[in-house]
Amino acid sequence: MGKAAPKTIVWMGPGVAMNPRGTYASMAVYALNGLLGSVDVEGGVWQSSSVPIAGFPKTDAYLDDVAKGAGKFKKLDGRGAKDMPAMMNARPGSGVVTNNIANGMLKDPGAAKVVLCSWANFNFSCTGAQRWDKALAAVPFFVHMVTNPSEMTQFADIVLPATFNSAEGWSIVTNMGNGYGYAALQQGAVRRLWDVKQEETEVMWLLAEKLKAKGFPNLFDYYSKEFKDPETGKAPTTALEFSETAAKMTSVTLWKPKEPLKGDAALAGWADFRRKGIFSGPKYTLKKGWGGKFNTATKKFEFYSETAKKGLTEHAKKYETTVDDILTVSGYVARGELAFVPHYEPPKRHGSLAEYPFAFIDYKSRLNREGRSANLPWYQEFKKVDPGDVAWDDVLKMNPADGAKLGLKTGDTVSVASPGGSMVVKLKLWEGVRPGTVAKCYGQGHWAYGATAAKDYGKALPRGGSNNDILVDDYDRLSGSTARNGGFTGVRIAKA
Amino acid sequence: MARLGMVIDLQRCVGCGACAFACKAENNTRDRADGQSFNWADFVMKTEGTFPNTTHWVMPVLCNHCTDAPCVKACPVNPKAMYKTPEGITMHDDAQCIGCRLCQYACPYSNGSLGEDSLDGAAYSVISFNPKDAPTHPKWTANAAVIPGGTATGALTAQAAGATPPAKNQWPAGDVDPVRKAGVVEKCTFCYHRTSNGMQPACVEVCPSKARIFGDQDDANSEIAKVLKAQKSFRLQEDKGTKPNVHYVGKYSARR
Ligand code: SF4
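Residues numbered from 1 in each chain as written. Chains lettered and ligands numbered in written order. Predicted model: local features only at pLDDT ≥ 70, side-chain atom pairs only at ≥ 80, totals over all residues. Heavy atoms only, no water.

Considering empty space enclosed by the protein
A probe matching the size of a water molecule, rolled over the atoms, marks out where space remains unfilled. Residue and element names in this part refer to chain B. Summed over the entire model, instances satisfying the criterion amount to 5 cavities of 30 Å³ or more. As for the largest cavity, its lining consists of Cys-23, Asn-27, Trp-40, Ala-41, Leu-62, Cys-188, Phe-190, Cys-191, Pro-201, Ala-202, Cys-203 and Arg-212. By residue class, the composition of the lining of the largest cavity is 10 nonpolar, 1 polar and 1 charged. (1 Å grid on protein atoms, 1.4 Å probe; cavity = no way out; pocket = protein on both sides within 12 Å on 5 of 7 lines; lining within 4 Å. Points joined across faces, edges and corners; volume = space filled by probe spheres on them. Nonpolar A, V, L, I, M, F, W, Y, C, P; charged D, E, K, R; others polar.)

Here we look at the layout of surface pockets
Residues and elements named next belong to chain A. Estimates place the volume of the second largest pocket at around 1600 Å³. Lining the second largest pocket are 44 residues, and of these Met-12, Tyr-30, Asn-89, Asn-295 and Thr-296 sit closest to its centre. Mapped by element, the contributors of at least two residues to the lining of the second largest pocket are α2 (22–35) and α12 (306–318). Looking at which element gives the most residues to the lining of the second largest pocket, the answer is α2, with 8 residues. (Helix = DSSP H or I, 4+ residues; strand = E, 2+ residues; numbered from the N terminus.)

Examining the interface of chain A and chain B
Taken together, the contact pairs 31 residues of chain A with 34 residues of chain B. At the boundary of chain A with chain B, total buried surface from both sides reaches about 2500 Å², with 67% on carbon and sulfur atoms. Three residues, Trp-378, Phe-382 and Lys-384 of chain A, lead the burial of chain A against chain B; their summed loss comes to 27% of the area buried on that side. At the boundary of chain A with chain B, the tally comes to 2 salt bridges. Between Lys-384 of chain A and Asp-42 of chain B there is a salt bridge, and its shortest N-O distance comes to 2.6 Å. Between the two partners, chain A and chain B, sit 10 residue pairs in polar contact (both at pLDDT 80 or more). When residues in the side of chain A that touches chain B are grouped by element, the largest group, 4 residues, is from helix α14 (residues 377–381) of chain A. Residue composition of the side of chain A that touches chain B, grouped by class: 18 nonpolar, 5 polar and 8 charged. (Contact = heavy atoms within 4.5 Å. Buried area = accessible area lost by both parts, 1.4 Å probe. Salt bridge = Lys/Arg side-chain N within 4 Å of Asp/Glu carboxyl O. Polar contact = N/O pair within 3.5 Å; in protein donor to acceptor, adjacent residues only side chain to side chain.)

Re the sheet that holds strand β6 (residues 278–280) of chain A
All names here are of chain A. Read from one edge of the open sheet, 3 strands run β4-β5-β6, paired in antiparallel fashion. Two strands bound the open sheet, and with one partner strand each, they are β4 (171–177) and β6. Neighbour-to-neighbour, the strand axes of the sheet open up by a mean angle of 20°, direction not taken into account. The pairing of β4 with strand β5 (residues 180–186) spans 7 bridges and is classified as antiparallel. Paired with Thr-174 across the two strands is Ala-183, which belongs to β5. Across the sheet, helix α10 (residues 239–255) is in contact with β4, β5 and β6; its angle to β4 comes to roughly 40°. (Pairing = 2+ DSSP bridges. Axes fitted to C-alpha atoms, helices over the stretch in contact; angles between N-to-C directions.)

So, the nonpolar core
If you look at the biggest cluster of nonpolar residues, it comprises 60 residues, and the most contacted ones within it are Met-6, Phe-43, Met-82, Ile-127, Phe-190 and Tyr-248 of chain B. Counting only elements with at least two residues in this core, the list comes to β1 (4–9), α1 (18–27), β2 (41–50), β3 (53–62), α2 (70–74), α6 (202–206) and β10 (246–249) of chain B. If near-sequence neighbours (up to four positions away) are discounted, Met-82 of chain B is found in contact with Cys-71, Val-72, Cys-75, Thr-90, Met-91, His-92, Cys-103, Ile-127, Val-185 and Lys-187 of chain B. Ranked by size, the runner-up nonpolar core spans 18 residues in total, among them Phe-360, Leu-408, Val-414 and Ile-493 of chain A. (Core = buried A, V, L, I, M, F, W, Y, C linked by side-chain atoms within 4.5 Å. Buried < 20%, exposed > 50% of the residue type's maximum accessible area, 1.4 Å probe, protein only.)

Overview of the pairing of β2 of chain B
Judged from the 10 bridges that link them, β2 of chain B and β3 of chain B form a sheet pairing that is antiparallel. Bridge assignment links Gly-49 of chain B to a residue of β3 of chain B, and that residue is Thr-54 of chain B.

Let's talk about helix α4 (residues 154–161) of chain B
All names here are of chain B. For α4, the full list of buried residues reads Gly-154, Ala-155, Thr-157 and Ala-158. Buried residues along α4 cover an arc of 165° about the axis, so they all sit on one side. Where α4 terminates, the next one or two residues include Gly-162, which has phi positive at roughly 75°. (Arc of directions from axis to C-beta.)

Here's the deal with a nonpolar patch on the surface
All names here are of chain A. Taken together, the side chains of Met-1, Leu-32, Leu-35 and Phe-303 present a nonpolar region at the surface, about 420 Å² in accessible area. Along the polypeptide, Met-1 turns up in the segment before α1 (14–17). Among the residues examined, Met-1 registers a relative accessible area of 56% and is labelled exposed. (Patch = residues over 30% accessible without salt bridge, like charges linked within 9 Å, V, L, I, M, F, W, Y side chains within 5 Å. Areas by Shrake-Rupley, 256 points an atom, 1.4 Å probe, with all protein chains shown as cover.)

What about the site of the ligand?
Around the ligand, 14 residues are found, and the nearest of them are Cys-13, Cys-16, Gly-17, Cys-19 and Cys-207 of chain B. Its residues placed into classes, the shell around the ligand shows 10 nonpolar, 3 polar and 1 charged. (Near = heavy atom within 4 Å.)

Section: helix α8 (residues 202–213) of chain A
Residue pairs three or four apart in sequence face the same way in an α-helix, which turns once every 3.6 residues. Residue and element names in this part refer to chain A. Taking 1.5 Å of rise per residue, the 12 residues of α8 would be expected to cover 16 Å, and the 17 Å separating its terminal C-alpha atoms lies within 8% of that figure. Regarding α8, the residues found buried are Glu-202, Val-203, Met-204, Trp-205 and Ala-208. Following α8 by one or two positions, Gly-215 adopts a phi angle in the positive range, close to 95°. (Expected span 1.5 Å × (residues − 1).)

With respect to the packing of α8 of chain A against helix α9 (residues 218–226) of chain A
All names here are of chain A. Put simply, α8 and α9 touch, their axes get as near as 7 Å, and they point 130° apart. One finds that α8 runs oblique with respect to α9. By crossing handedness, the relation of α8 to α9 is classed as left-handed. Residues Met-204, Trp-205, Ala-208, Glu-209, Leu-211 and Lys-212 of α8 lie in contact with α9, whose contacting residues are Leu-219, Phe-220, Tyr-223 and Ser-224. (Parallel < 35°, antiparallel > 145°, perpendicular 65-115°, else oblique. Left-handed = near helix turned anticlockwise from the far one by under 90°.)

Re the side chain of Ser-224 of chain A
Residue and element names in this part refer to chain A. Mapped onto the fold, Ser-224 is located in helix α9. On the basis of relative accessible area, Ser-224 is assigned to the buried category, the value being 17%. Contact partners of Ser-224, with chain neighbours within four places excluded, come to Trp-205 and Ala-235.

Examining the packing of α8 of chain A against α10 of chain A
All names here are of chain A. Between α8 and α10, the least distance of the axes is 8 Å, while the angle of their chain directions is 130°. Between α8 and α10, the angle is such that the two are oblique. Handedness of the α8/α10 crossing: right-handed. In this structure, α8 contributes Glu-202, Trp-205 and Leu-206 to the contact, and α10 contributes Ala-239, Leu-240, Phe-242 and Ser-243.

Structure, rendered in structure tokens:
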């Protein structure tokens, strides 16, 4: 690596960071890139890039006392709790810990009286998925806004069909790739086949109308008075107009900028943005952070993280304790100065080696972006492009040497048990996995995700098994990231 | 006259599957059933060696558009339903096809009926057969809803979209129709509707690694001719004497 430096990348993938003590492993990756001189140089690792997007108008004038007070309630996800520093950009309590919401709901069953949820399918997608079944079953009123019914939908009192947003809705999507920050426009490109609504704008507008009719006009007033078409100055009068207006307002900085923008040729206006569908900023500037311009407490590249120190000290102060105490309750072994430098933390493992001899490796299918593909026949048909996998199936891969020891062969139906739960799947002996580990792609095992994803939707029979029934819900508490990787859950395999 | 062919650079291929997805979208091929894959583009896959010295390799496969095509020879009708175009494409005429499947049995790269081994990349078939007197896109004529009264049926979706399949890629039908009829075989056409209009086959266009090169093997200036000249290439089942026009160069795994 040193020989190839600085054109060497130590990649900070989720495998490094998303495990119970992942913060320090990711700090090690960061430091390694620093040692190699590969930060912000050609052939190395780069920071993010973006294009300017406008915010929404201020809501302050429309908040009544109830809203003002409720906005300050503690979040159910436990962010910022003593044992959950969740420090996004080293700000304690700023990270979202979605999977911990279920724990919050179970601890305080009355806390969530009404739940409005868009697109998510936590009962399948979150580790320790069974907790979500229990938590949602206890919610008095649950509305699920989805493109297709899913496991989570089974708990809904009302299901609202949502737009397939990349073709039916309006919104601005920002991201970066290949050294360019960009904003793309999702627009109503096709005629909607069904009565669907964009849940973040259209449904909210319709809700606001109803609330107004019931004597609570604030939300409707905010939408109808503060939102104006940047071209015509016209206020929206329907849900769909509101949706398009919101997209226009957030992207006006691109198609009608105050100062000319760097990057793509200037857009001639909204119509031009609609035609082109995307605006990319200028090519990434190398050494952007060099010379005291890093986004850290010292403005320098930090091997010793003054930034982490600042965050941890602030968090400890809030609980009138020491940083060591915070690390202890959050499950790290570091004490003293080690807290602020990358160092070795022994990997945490749920389940003893004696009782659960195999490390369970969950990984992402190359056919999933986020994971909503299992109901597509083509996903099933070409599942084999995930090395070792089998089309229209969901196999647990085990090294043949381990298979021989256990007397198991390819095609056997096996039960996989962890301290968190169990599942039944088909086994495949495969030389692509390390002895002592078993591996299975995330994504299959749906029992209610449509005719293709489930083996039998009506009977709730899954196609394969859901890894999240096995994986224990745990966190890298300093970042608030959910643990998925690093073989942190031990499993026992037996013929079913 | 051009002599069309394809080179697949296995070293560039990352086995992502994009080519096969693009093919299904482009050519409106249906879902697998009854031993027929309907995958005009597919893959052969293999894992070899013992951990940690394991090698995994992937080889994209498609109709080889053979110069001496056994399927054409086997086709019993006159004029032939399976025939060669002047540019060397092995083409199929649905109107002439009687559904005898002799082509499928004659083709060394096809199987009359695929078994379980086609699900993990051990077997494939470049020719598939649409059963007689049955819908060619059953998913989109089905009347059962997953949640009765709650979700749309396949038939309703097709009706609302005004097409079967609903995401149908509707090109102006000429030599090739966008969707097949019952009782005929189907296979890769080298995207005839595209390539005869100056475009690249869908699988070539979509490949993120530029692993697929399509063109005129007789044009010394074409990329395909240059690659074939510069690199060692091979074709599938050369011993059968079919003279495939799909060539492979490179090696999938970086491992020795
Ligand atoms: S699209 Fe290209 S890289 Fe991907 S599998 Fe096909 S040939 Fe290989």
